[in-house]
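Summary of the model geometry
One letter stands for each residue in the lines below.
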Amino acid sequence: MSTSWEDLVSTALVGADRRSASPGEVLEQAAVEVVRARAGRRTHTSRPPAPAMEETRPLASRAAGDRLARMLGGEQARLLPEWLEAAAAVGVRVPAQLIPGLLDLGARDRSIRSHLGALSGARGRWLAELNSSWQYLLAEAAGVPSGDVWEFGTSGDRRAYLTASRAADPGQARELLEQGWDKETPEDRAAFVLVLSDGLGMDDEPFLEAALDDRRREVRQAAADLLTRLPESRLARRMTERSARLLVVDGGGLRAEPPKACDSTMERDGVRPRPPAGTAQRGWWLQQVIARTPLAFWTVHLGRSPEDVVRSKIGDWAREVAMGWTRAAILQHDPRWARALFEVEPLTDLLAVLPPEEQSARAAELVARHPVDGQMIMMLGGVARPWGPRLAKAVLKKIVEMSGTQPWNAGELIRLAGERLDPAMHGHVQEIPELAATLRFRHDMSKELS
Amino acid sequence: MDLSAGVASVRRVIERWSRDQVLSLAPDAASQKAAAGVSAPGKWSGSGALPDVVWGECKGSGATPYRACVDLSEPAYKCSCPSRKFPCKHALGLLLLWASDGVPDGGEPAGWVAEWLEQRRSRAEKQEKRDRQEPSERAKAARSSGGSAQRETRVTAGLSELERWLTDQIAQGIAGARQTGLADWDELGRRLVDAQAPGVAGSVSRLSRVLREEDWPGLLLGEYALIHLLAVAHRRTAELPAGLAETVRSRVGFPITREDVLATPWVRDEWDVIGGRDEEQDRLVARRIWLQGRATGRVALVLSFAPIGQALDASLVTGTAVDASLAYYPGASPLRAVVAERHGPAASGRPAGTELSQVPGRIAGVLTGDPWADSWPVVLEGVIPATGSLADEEGNGLPLHPEGGVPWRLLAVSGGRPVTVAAEWTPRGSRPLTVWDEEGQVVRL
């Protein structure tokens, strides 16, 4: 007697008694069928994926690859961005088996994506085609030189191409951008406008003024930010007119009079009408108008130097005015104003406007003069690596002083110093073993990637 | 002391291991991390390496440094630290340093290194003598020892109760298994443990897995049928050929002593270590290491157990090869084996693979001997991994185990080109273990 597998299963489900079958026989036949099916299973038809393209970059050394594997496994994971940056700079690619781990990280952390395109090579792009959570890689620059990049490249490749073209001939790069502007995606338009920041001049003004009418807010904001840096631009003149009424000399000090409304022309110039929660509406408008006004205007309008302006007494709205100037100094890359403002309030973002050595020197002064707290650690987080010798010395002194009294802040400072000090110092910080280990790790890492 | 005896009897240069291979020896993840912490060159002094031994002194918290030494041919580990983990972080850290080229070659081994190697050598000689001593007689003695007759009775009673329970289930219908199965199987498993049939108890405890599947009625009937078949086979052992009878006894869960295993004919070959996997079960870690012989083409499984966080057998490193004699557990499709004697390391390299289209035939052969077989290692060459299967250039495919997910690392290494892959076949699909890339580099999956 022969019974099909489906019959056996249905008999077993309802019970052999109801089908007047012998349960022992059902089990015996099922055993035969199971083993027969397992032993008789053939291969199925499978279409393997098409092969990945050949790699164009050399593989990272075995030591460098091993170190990356350790970092992906959690060891010194905070240094991963530095590894990626250094590896991208020397033009290598990562071992294939580490690509999935890196792409998973990139899916969660946008900040590391820009290097992944080149580092994961052809294999990375091949994998990204197979896994939807890695699709972002296809938009990153892959560092593949090609004649048709502007027409057919990934977003990242086209951005890189435009950047290079802008460096060679700013006018030609802008014209290239203008030709196909209407067909670009909103994301690309926003990214491409930012490329114009390099070599910015009044020749770009008509294009940027037109971009203030773009459908996408990011594009409008980026265009407005750039126009702020051109004191002759129409936007700068409109802002100057507004500002002239908003802040005036009043005896020895200054008096602020925030806008009463945010009209459509202000909105077009990038002033956002709705304040973030907890901010007064008029103060929010005041701050934004000041942020987009050329800083040179104030010294003329108020008749005093930037250092005197920022120290002037302002009654109401003093906070909003100071925040507007701070934002302006950052947007307009104005080191003199940044220095003056930093003296009054040491904000991290202002440091970025200053040359690296000066960042380090100013931070060193602050560290030496003030106790370390969360705010100072945040400020130090804005000082680019490598920290100069003075800052290094000041920070090391603080760490030793604090380790007994404030272990939490000391620990945070040790971690930060480990990322920012010159790794060549690893031999000179033996009294702080955790720091020495991190610096040693970075030292070996950069040797492997040089 | 005679240094040349311990150290200079070098057989072959051991190829430097990769970081991955070293870390696979660690008993747990915490050990891997700790080992990385002591693998910095600054921690070590007096380190050196000869072709098959690495040693060094690691600065710890105390005044005297810890002395660590690894005999690479086994490998075997020695460290003066008090850690209960094995290998300890110092031995692993030393190997990591060696793997990253951080241990200088050559150098005169310190006295303590030579001493330890000498001790090991003499111990090995004694063990070898013991193993060669009339193994079959010791085996007979072990089998007839007291208690075994009682065990036979208990097992027979337990399995006939199981047979009745299974036929009752089928007689009444298994439609309610989703509601009552878990409690029933728990109770049944406990009774089988009491009946000293731990192998069957294990099969019963794994039944709950099928309830997660959509086609659970068919899968459950299949599992019931195979357990029933085992119970019947045990009842009728006398009618079975010798090999199959041994298979039935071991699947039921009769223990077999190391002496009995060593009493079987040994198979000497150069064995490629083709893959391994650790699994936690009941507060134990089971380490499975699969081997494939170069001359015989035979495959083997070396199984070891340890409480979580403690010494596991770390002597077989994936991607390396060893010249050894194996003793197989008796059975109709023998797979599990012990390393009876090591003759030395062998040059490592990509293992020989079969074509993917040969796999169904090979598995059919395995099941002909042992119908209960549910795991078998295969080395495949010319395989192009896809997201749900292993394929070859002719378009033949072997499905992957659905619970393993997409093997992204394997895909990354292959990049759509043929590679050599070691995989574990199971009835539900294959699990990739190891891949050799175009340069012959080993990547554990």
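What counts, and at which threshold
- Residues numbered from 1 in each chain as written.
- Chains lettered and ligands numbered in written order.
- Predicted model: local features only at pLDDT ≥ 70, side-chain atom pairs only at ≥ 80, totals over all residues.
- Helix = DSSP H or I, 4+ residues; strand = E, 2+ residues; numbered from the N terminus.
- Rg over C-alpha atoms; globule rule 2.2 N^0.38 Å.
- Buried ≥ 20, exposed ≤ 12 C-beta atoms within 10 Å, placed from the backbone.
- Contact = placed C-beta atoms within 7 Å.
- Pairing = 2+ DSSP bridges.
- Axes fitted to C-alpha atoms, helices over the stretch in contact; angles between N-to-C directions.
- Nonpolar A, V, L, I, M, F, W, Y, C, P; charged D, E, K, R; others polar.
- Parallel < 35°, antiparallel > 145°, perpendicular 65-115°, else oblique.
- Left-handed = near helix turned anticlockwise from the far one by under 90°.
- UniProt positions renumbered as here; feature names shortened; annotations may be inferred.
- Domains from an automatic or database assignment.
- Core = buried A, V, L, I, M, F, W, Y, C linked by C-beta atoms within 7 Å.
- pLDDT = per-residue confidence, 0-100.

**Points about the overall build of chain B**
- Regarding its fold elements, chain B presents 14 helices and 15 strands.
- Over its C-alpha trace chain B gives a radius of gyration of 24 Å, about what one expects of a compact globule, namely 22 Å for 445 residues.
- Expressed as lengths along the three principal axes of its C-alpha atoms, the size of chain B is roughly 75 × 60 × 45 Å.
- The burial tally for chain B puts 43% of its 445 residues in the buried class.
- A fraction of 65% describes how many contacts in chain B between residues 6 or more apart in sequence connect residues 24 or more apart.

**Some remarks on the sheet that holds strand 11 (residues 389–391) of chain B**
- What the seven strands build is an open sheet, ordered 1(A)-12(B)-11(B)-10(B)-13(B)-14(B)-15(B); its pairing is antiparallel. The open sheet terminates on both sides in strands that have one partner only, identified here as strand 1 (44–45) of chain A together with strand 15 (442–444) of chain B.
- Of the strand pairs in this sheet, strand 1 of chain A and strand 12 (residues 396–399) of chain B are connected by two bridges, and their pairing is antiparallel. Residue pairing in the sheet places His44(A) in a bridge with Gly397(B) of strand 12 of chain B.
- Helix 13 (residues 359–369) of chain B rests against strand 10 (376–385), strand 12 and strand 13 (419–425) of chain B of the sheet, and its axis sits at about 175 degrees to strand 10 of chain B.

**Side note on the interface of chain B and chain A**
- Taken together, the 52 residues of chain B in the interface contact 46 residues of chain A.
- Those elements giving two or more residues to the side of chain B that touches chain A turn out to be helix 7 (148–172), helix 10 (216–235), helix 13, strand 11, strand 12 and helix 14 (408–414) of chain B.
- Broken down by element, the residue count for the side of chain B that touches chain A peaks at nine residues, all from helix 10 of chain B.
- Split by residue class, the side of chain B that touches chain A holds 30 nonpolar, 17 polar and five charged.

**Concerning the packing of helix 24 (residues 407–420) of chain A against helix 25 (residues 433–448) of chain A**
Residue and element names in this part refer to chain A.
- Helix 25 packs onto helix 24 with a crossing angle of 25 degrees between their chain directions and a minimal axis gap of 8 Å. Taken together, the axes of helix 24 and helix 25 lie roughly parallel to each other. For helix 24 against helix 25, the interelement crossing comes out right-handed. Taken together, the residues of helix 25 that come into contact with helix 24 (itself represented by Ile 414, Ala 417 and Gly 418) are Glu 434, Leu 435, Thr 438 and Leu 439.

**Points about the UniProt feature "domain: SWIM-type" (unreviewed entry) in chain B**
- Here the UniProt feature "domain: SWIM-type" (unreviewed entry) sits at residues 66–99 of chain B.
- Taken end to end, residues 66–99 of chain B comprises 32% helix and 29% strand; its first and last C-alpha atoms sit 20 Å apart.

**Brief notes about the domain arrangement of chain A**
All names here are of chain A.
- For chain A, the assigned domains read domain 1 (5–40), domain 2 (62–139), domain 3 (149–228), domain 4 (234–350) and domain 5 (355–448).
- The straight-line distance from the C-alpha centre of domain 4 to that of domain 5 is 34 Å.
- With four residues of domain 4 at the contact, the number on the domain 5 side is six residues.
- Taken together, the residues of the side of domain 4 that touches domain 5 break down into two nonpolar, one polar and one charged.

**Digging into the domain arrangement of chain B**
- Taken domain by domain, chain B holds domain 1 (3–132), domain 2 (145–252), domain 3 (264–346) and domain 4 (356–444).
- Computed over C-alpha atoms, the centres of domain 1 of chain B and domain 4 of chain B are 34 Å apart.

**Considering unusual backbone geometry**
- The omega torsion of the bond from Arg385(A) to Pro386(A) falls at -5 degrees, within 30 degrees of zero and hence cis.
- Among the secondary structure elements, Pro386(A) is positioned in the loop between helix 22 (374–381) and helix 23 (389–405).
- Although it is not a glycine, Gln76(A) sits at a positive phi angle of roughly 50 degrees.
- In this fold, Gln76(A) is placed in the loop between helix 3 (62–72) and helix 4 (80–90).
- The partly exposed category is assigned to Gln76(A), around which 19 C-beta atoms lie within 10 Å.
- Positive phi values are uncommon outside glycine, yet Gln196(B) reaches one of about 60 degrees.

**Details of the nonpolar core**
All names here are of chain B.
- Counting 158 residues, the largest nonpolar core has Val 54, Leu 95, Val 200 and Leu 230 as its most contacted members.
- Sort the elements by how many residues they give to this core and helix 10 lands first, with 11 residues.
- Val 54 has contacts with Ala 49, Val 70, Leu 72, Leu 94, Leu 95, Trp 98 and Val 103, leaving out every residue within four places of it along the chain.

**Observations regarding the confidence of the model for chain B**
Residue and element names in this part refer to chain B.
- Counting all residues, the mean pLDDT for chain B is 86, and 92% of those residues have values of 70 or more.
- Long-range and interchain partners of residues 1–12, a stretch whose pLDDT sits below 50, account for 25 contacts in this model, where long-range means more than four residues apart.
- Across the whole predicted complex the pTM is 0.75, and at the interface the ipTM reaches 0.75.

**Some words on the environment of Val26(A)**
- When you line up the elements, Val26(A) lands in helix 2 (residues 23–40).
- Residue Val26(A) is classed as buried on the basis of its C-beta count, with 26 C-beta atoms lying within 10 Å.
- With 227 residues separating them along the chain, Val26(A) and Gly253(A) place their C-alpha atoms 100 Å apart.
- Not counting the four nearest positions on each side in its chain, Val26(A) is found in contact with Leu8(A), Thr11(A), Ala12(A), Ala16(A), Ala21(A) and Ile170(B).

**Some points on helix 4 (residues 89–99) of chain B**
All names here are of chain B.
- Counting buried residues along helix 4, 11 of its 11 residues qualify, which places the element largely inside the surrounding structure.
- For helix 4, the set of buried residues is Lys 89, His 90, Ala 91, Leu 92, Gly 93, Leu 94, Leu 95, Leu 96, Leu 97, Trp 98 and Ala 99.
- On its buried face, helix 4 sits against helix 2 (19–23), helix 3 (29–37), strand 1 (44–50), strand 2 (53–58), strand 3 (66–71) and strand 4 (76–79).

**Let's talk about the sheet that holds strand 2 of chain B**
Residues and elements named next belong to chain B.
- A sheet is described by the order of its strands in space; here four strands give the open sequence 1-2-3-4, paired in antiparallel fashion. In this open sheet, the two edge strands, each paired with only one partner strand, are strand 1 and strand 4. Taking each pair of neighbouring strands and ignoring which way they run, the sheet shows an average axis angle of 10 degrees.
- Each of strand 1, strand 2, strand 3 and strand 4 touches helix 4; the most contacted strand, strand 3, lies at about 65 degrees to it.

**Details of the packing of helix 7 of chain B against helix 10 of chain B**
All names here are of chain B.
- The geometry of helix 7 relative to helix 10 is characterised by a closest axis approach of 9 Å and an angle of 145 degrees between their N-to-C directions. Pair helix 7 / helix 10 crosses with left-handed handedness. Along the contact surface, helix 7 presents Leu 159, Ser 160, Leu 162, Glu 163, Leu 166 and Gln 169, while helix 10 presents Tyr 224, Ile 227, His 228, Ala 231, Val 232, His 234 and Arg 235.
- For the contact of helix 7 with helix 10, the class distribution of residues is seven nonpolar, four polar and two charged.

**A short note on the environment of Glu365(A)**
All names here are of chain A.
- Mapped onto the fold, Glu 365 is located in helix 21 (residues 356–369).
- The exposure class assigned to Glu 365 is partly exposed, which follows from the 13 C-beta atoms found within 10 Å.
- Taking C-alpha positions, Glu 365 is 40 Å from Ala 60, a pair spaced 305 residues apart along the chain.

**Considerations on the environment of Arg362(A)**
Residue and element names in this part refer to chain A.
- As for its placement among the helices and strands, Arg 362 is situated in helix 21.
- For Arg 362, a count of 21 C-beta atoms within 10 Å translates into the label buried.
- Sequence-wise, Arg 362 and Leu 391 are 29 residues apart; in three dimensions their C-alpha atoms are separated by 8.4 Å.
- Residues within four places of Arg 362 in sequence aside, it is in contact with Phe 342, Leu 351 and Leu 354.

**Topic: the pairing of strand 6 (residues 284–293) of chain B**
All names here are of chain B.
- Pairing of strand 5 (residues 266–281) with strand 6 involves 10 bridges; the strand directions are antiparallel. Paired with Arg 277 across the strands is Arg 288, a residue of strand 6.
- The antiparallel pairing of strand 5 with strand 6 creates a hairpin that spans two residues between the two strands, and Asp 282 there sits at a positive phi of about 50 degrees.
- Examined bridge by bridge, strand 6 and strand 7 (residues 299–307) share nine bridges and lie antiparallel to one another. Of the residues in strand 7, the one forming a bridge with Ala 286 is Phe 305.
- What sits between the antiparallel neighbours strand 6 and strand 7 is a turn of five residues, in which Gly 297 has the positive phi angle 70 degrees.

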